[in-house]
Amino acid sequence: MFVALRDLGFARGRFTLIASVVALITLLVGFLTGLTGGLAGQNVDSVLSWKADRLAVAEPTGGTDPQLATSTLTQQQVDDYAKASGATVSPVGISQVSATHGDVTGGLALMAGTPGAGTGPGADADTPAPTKGEVVLSEDAADALGAATGDEINVAGQDLRVSAVTGTGHYAHVPVAAVDLSTWRGLATRLGAPHGTAATALLITGKPDKDAVAAGDAAAHTVSLSGLNELTAIGSFRSEIGSLGLMIGLLLAISALVIGAFFTVWTLQRKGDIAVLRALGAPVSALRRDALGQAGLVLVIGIALGLAVVVAVGSVLQGSLPFVLSPLTTLGPGLLMAVLGLIGAAAALRSVTHTDPLTALGSNR
Amino acid sequence: MITLKNLTLTYPDGASRVTALDDVTLAPGAGTLTGITGPSGSGKSSLLAVASTLVRPDSGSVLIDGEDVTKLSDKDATRLRRTSLGIVFQQSNLVPSLTARDQLRAVTELAGSRAQRRAAATRADELLEAVGLSEQAGLRPHQLSGGQRQRVNIARALVTDPSVLLVDEPTSALDSVSGAAVIDLIADLTERTGTTTLLVTHDLQHAPRFDRLVNLVDGRITADTGADGVTREAVETMTRAA
């Protein structure tokens with residue numbers, strides 16, 4: 001990096017400019033990634049805590065994608081799936097409702113499942129499962145409604161006693177509250193679900209083989225989903241993460257292009273110097289290493305600056321915005337930017353290889 | 001030491017080829033300064049390009065310290081230029097971001113071993129003193145005069161103690177006083193370091209400082225003073241013949 005470091009000092013203005021651009025892009029990518037993480041968490045963190053290997057939802061009609069929001073299953077379907085697949089299944093009920101506590105009204109995602117299925121708002125094993133007529137509120141739900149343990153809230157005309165406040169689970173950006181299955185079934189029917197609705201979806205444990213899953217789906221008219229597909233059954237998750245992911249991807253591509261363009265121009269301006277150094281015996285590999293080291297240093301400085309601001313501002317915002325500050329949302333995109341930037345710079349350095357040292361002779365320069 | 005044997009070089013020119021060097025043979029002695037002159041297009045620069053391994057001849061050989069360098073791979077030719085050849089460019093061709101001292105160290109710093117880098121750093125200081133630029137060692141090219149830049153250019157070519165020094169029109173961008181000083185410097189350094197120096201020039205004003213003068217026309221050596229020195233009369237004869 002002998003020449004590279006001296007170039008950095010000599011052309012301080014230009015390198016400060018490009019490092020600032022890298023820092024600003026890192027800032028944007030960092031904020032978007034943190035926000036994406038936060039929004040994704042508010043969308044699906046309760047689903048991620050479900051103790052299941054697969055999820056089965058009602059077969060959609062009219063060529064639409066399987067959706068938790070529109071899925072309803074009868075007890076017959078639950079039984080048919082279990083019988084045909086031989087898998088262990090447990091029903092889960094989900095409804096997005098409006099709840100009232102005194103004068104305060106707020107949104108809730110009511111979830112119901114069998115004990116141990118992880119369908120409550122928190123992972124606290126000591127919290128007793130709600131019994132008929134009871135509700136366990138997440139902390140955000142309790143805050144939103146101004147309710148505490150022992151209070152009563154009203155959902156669709158039915159009073160529910162708050163048996164506990166625990167956890168931070170969210171579903172589709174709404175805080176989660178847990179009720180028992182029979183309470184949920186009653187409320188679901190009252191809220192417009194078809195008569196006889198027994199569940200929204202089935203949690204399947206035990207990793208049944210492909211044929212068993214297919215048999216279960218065929219018998220119960222369901223669609224089984226696993227991994228990321230489970231999450232895409234939440235409509236808002238797909239559109240939200242898709243658009244935010246696209247923005248992050250475009251920003252990363254822009255950063256690679258900006259770095260590539262800068263180093264293309266920079267290398268072209270240095271072509272004469274490169275020809276001289278090559279004529280004097282500097283190997284192409286050493287010149288390329290030197291130039292890549294320069295690009296790497298600019299990237300590291302820019303990315304470090306950008307990440308420092310993301311961490312500083314992100315830690316302040318975390319309390320008031322759905323923003324996740326973690327190695328995955330800071331170092332991850334930073335590393336990706338560094339790699340893509342280096343690829344951009346490496347592509348720009350092709351002219352180092354193509355520079356003819358002969359041009360250093362005569363009056364060609 | 002460098003020996004050019006039966007060098008022939010042609011360039012494509014449309015459908016035909018132009019002969020740049022035509023059976024050139026030259027064996028200057030070690031520690032001598034040989035001037036190569038001739039009209040534009042006579043093959044002077046081509047001779048330098050072939051001698052510096054930057055262009056391969058169609059036929060013939062270039063022996064540097066006994067090794068035929070026309071057969072070397074690009075990698076080995078690059079190494080040879082780094083270790084055994086010094087090149088002084090027509091324009092000083094200094095890297096704008098480097099100080100005078102760093103100009104001399106750059107190539108060794110990029111590709112040399114630790115010992116070579118240490119040696120180059122020491123040698124850089126010695127050479128800058130030898131060319132009278134110790135006090136300007138920390139200055140960048142834009143802070144130096146044209147003559148000073150050319151002296152850095154010369155010192156840079158000698159930093160690895162090359163056995164062969166190739167000099168391309170070193171006075172073309174200088175006034176006559178600076179030009180004379182540069183030629184004196186090259187002649188002194190050639191004598192002191194025992195380097196074999198080939199110097200391409202149009203300007204025969206300083207030719208009496210050369211140990212030998214060769215005239216090229218259309219790629220062929222048409223006159224050669226031999227190794228006994230260059231007299232004013234020989235220069236005048238050569239000028240008239242040209």
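Here the residue numbers are simple positions, counted from 1 along each chain's written sequence. Lettering for chains starts from A, numbering for ligands starts from 1, and both go in the order in which the items are written. With pLDDT at 70 or above as the cut-off, local features in this predicted model cover only qualifying residues; side-chain atom pairs require 80 or more to be listed or tallied, and sums for whole chains, interfaces and linings still use all residues. Calculation of side-chain values draws on the structure's entire complement of heavy atoms; hydrogens and water are dropped beforehand.

1. Some points on the sheet that holds strand S3 (residues 33-37) of chain B
All names here are of chain B. Two strands are said to pair when DSSP picks up at least two bridges between them. Under the DSSP-based scheme used, a helix requires at least four consecutive residues in state H or I and a strand at least two consecutive residues in state E, with every element numbered from the N terminus. Strands sit in the order S6-S7-S8-S3-S9-S10 across an open sheet of six strands; the sheet is mixed. The outermost strands of the open sheet, each flanked by one partner alone, are strand S6 (85-88) and strand S10 (220-224). Direction aside, neighbouring strands of the sheet carry axes that sit 20 degrees apart on average. Bridge count for S3 against strand S8 (residues 196-200) is four bridges, and the pairing is parallel. When the bridges of S8 are listed, Leu 33 appears paired with Thr 197. We call two residues contacting when some pair of their heavy atoms lies within 4.5 Å. Helix axes use the C-alpha atoms of the stretch in contact, all axes being lines fitted to C-alpha atoms, and the angles between their N-to-C directions lie in the range 0 to 180 degrees. The strands that helix H1 (residues 44-51) touches are S3, S6, strand S7 (164-168), S8 and strand S9 (212-217); relative to S7, the one it contacts most, it runs at about 150 degrees.

2. Notes on the domain arrangement of chain B
How big an interface is tends to be stated in terms of accessible area lost as the parts join. Residues and elements named next belong to chain B. We note that the domain assignment places domain 1 (2-84 + 162-241) and domain 2 (92-161) within chain B. Throughout the structure description, domain borders are defined by an automatic or database domain assignment. Inter-centroid distance (C-alpha atoms) of domain 1 to domain 2 is 23 Å. In this assembly, 14 residues from domain 1 lie in contact with 14 residues from domain 2. Buried area is understood as the total, over both parts, of accessible area removed when two parts are fitted together, assessed with a 1.4 Å probe. The contact between domain 1 and domain 2 buries some 1,200 Å² in all, and 74% of this surface belongs to carbon and sulfur atoms. The largest contributions to the domain 1 side of the interface with domain 2 come from Arg 82, Pro 162 and Leu 185, which together make up 42% of the buried area.

3. Concerning the nonpolar core
Side-chain atoms within 4.5 Å are what join buried Ala, Val, Leu, Ile, Met, Phe, Trp, Tyr and Cys residues into a set we call a nonpolar core. We call a residue buried when its accessible area falls under 20% of the maximum for its residue type, exposed when it is over 50%, and partly exposed in between, using a 1.4 Å probe and counting protein chains only. Among the nonpolar cores identified, the biggest contains 53 residues, and Leu 277 of chain A together with Ile 2, Leu 4, Leu 47, Val 62, Ile 64 and Phe 89 of chain B are the most heavily contacted of them. When sequence neighbours within four positions are dropped, the list of residues in contact with Phe 89 of chain B reads Val 276, Ala 279, Leu 280, Ala 360 and Leu 361 of chain A together with Gln 150, Asn 153, Arg 156 and Asp 168 of chain B. In terms of nonpolar packing, the next biggest core, distinct from the first, is built from 35 residues, Leu 33, Leu 104, Leu 127 and Leu 158 of chain B among them.

4. With respect to the pairing of S10 of chain B
Residue and element names in this part refer to chain B. With four bridges joining them, S9 and S10 adopt antiparallel strand pairing. Its bridge partner lying in S10, Asn 215 is registered against Ala 223. What sits between S9 and S10 in their antiparallel hairpin is a turn of two residues, with Asp 218 showing a positive phi close to 50 degrees.

5. Remarks on empty space enclosed by the protein
Lining residues are those with an atom within 4 Å of a point, where the points come from a 1 Å grid over the protein atoms alone and group into cavities, where a 1.4 Å probe fits but cannot get out, or pockets, open sets with protein on both sides within 12 Å along at least five of seven lines. Grid points are joined across faces, edges and corners, and a volume is the space filled by probe spheres set on the points. With the rule as written, the count across this model stands at one cavity of 30 Å³ or more. Each pocket or cavity is described by its volume, and for the largest cavity that value is around 140 Å³. As for the largest cavity, its lining consists of 15 residues, of which Leu 280 of chain A together with Val 107, Arg 156, Val 159 and Thr 160 of chain B are closest to the centre. Breaking the lining of the largest cavity down by element, the ones donating at least two residues are helix H2 (74-83), S6, helix H3 (100-111) and helix H5 (146-158) of chain B. Nonpolar residues are Ala, Val, Leu, Ile, Met, Phe, Trp, Tyr, Cys and Pro. Charged residues are Asp, Glu, Lys and Arg, and all others, Gly as well, are polar. Counted by class, the lining of the largest cavity contains eight nonpolar, four polar and three charged residues.

6. Here we look at the packing of helix H10 (residues 284-317) of chain A against helix H11 (residues 331-348) of chain A
All names here are of chain A. At a closest axis distance of 10 Å, the pairing of H10 and H11 adopts a crossing angle of 150 degrees. Relative to H11, the element H10 lies roughly antiparallel. Helix-helix and strand crossings are classified by hand; for H10 and H11 the assignment is right-handed. For the pair formed by H10 and H11, the contact residues are Leu 292, Ala 295, Gly 296, Leu 299, Ile 303 and Leu 307 on the first element and Leu 331, Gly 334, Met 337, Ala 338, Gly 341, Leu 342, Ala 345 and Ala 346 on the second. Tallied by class, residues from the contact of H10 with H11 come to 11 nonpolar, three polar and no charged. Every angle not falling under 35 degrees, over 145, or within 65 to 115 is termed oblique; those three ranges are roughly parallel, roughly antiparallel and roughly perpendicular. Crossings are classed by handedness, with left-handed meaning an anticlockwise turn of the near helix from the far one by less than a right angle and right-handed meaning a clockwise turn.

7. Here we look at the environment of Ala 148 of chain A
Mapped onto the secondary structure, Ala 148 of chain A falls in the loop between helix H4 (139-145) and strand S6 (152-155). Those residues in contact with Ala 148 of chain A that sit more than four places away from it in its chain are Val 162 and Val 165 of chain A.

8. Remarks on the sheet that holds strand S5 (residues 67-68) of chain B
Residues and elements named next belong to chain B. Strands sit in the order S2-S1-S4-S5 across an open sheet of four strands; the sheet is antiparallel. The open sheet has two edge strands, strand S2 (16-26) and S5, and neither has a second partner. Against the sheet, H1 makes contact with strand S1 (2-13), S2 and strand S4 (59-64), and its axis sits at roughly 115 degrees relative to S1, the strand it touches most.

9. As for the packing of helix H1 (residues 2-10) of chain A against H3 of chain B
In contact at an axis separation of 8 Å, H1 of chain A and H3 of chain B are set at 135 degrees when each is read in the N-to-C sense. By the angle between their axes, H1 of chain A is oblique relative to H3 of chain B. Judged by residue contacts, Phe 2, Val 3 and Arg 6 of chain A of H1 of chain A engage Asp 102, Arg 105, Ala 106, Glu 109 and Leu 110 of chain B from H3 of chain B. For the contact of H1 of chain A with H3 of chain B, the class distribution of residues is four nonpolar, no polar and four charged.

10. Side note on the pattern of salt bridges
Residue and element names in this part refer to chain A. We define a salt bridge as a side-chain nitrogen of Lys or Arg found within 4 Å of a carboxyl oxygen belonging to Asp or Glu. The tally for this structure, following the rule as stated, stands at 16 salt bridges over all chains. The shortest N-O distance in the salt bridge between Arg 270 and Asp 7 comes to 3.2 Å. With Arg 270 in the loop between helix H8 (235-269) and helix H9 (271-279) and Asp 7 in helix H1, this residue pair connects regions lying 263 residues apart in the sequence. For the pair formed by Arg 270 and Asp 7, the shared burial category is buried.

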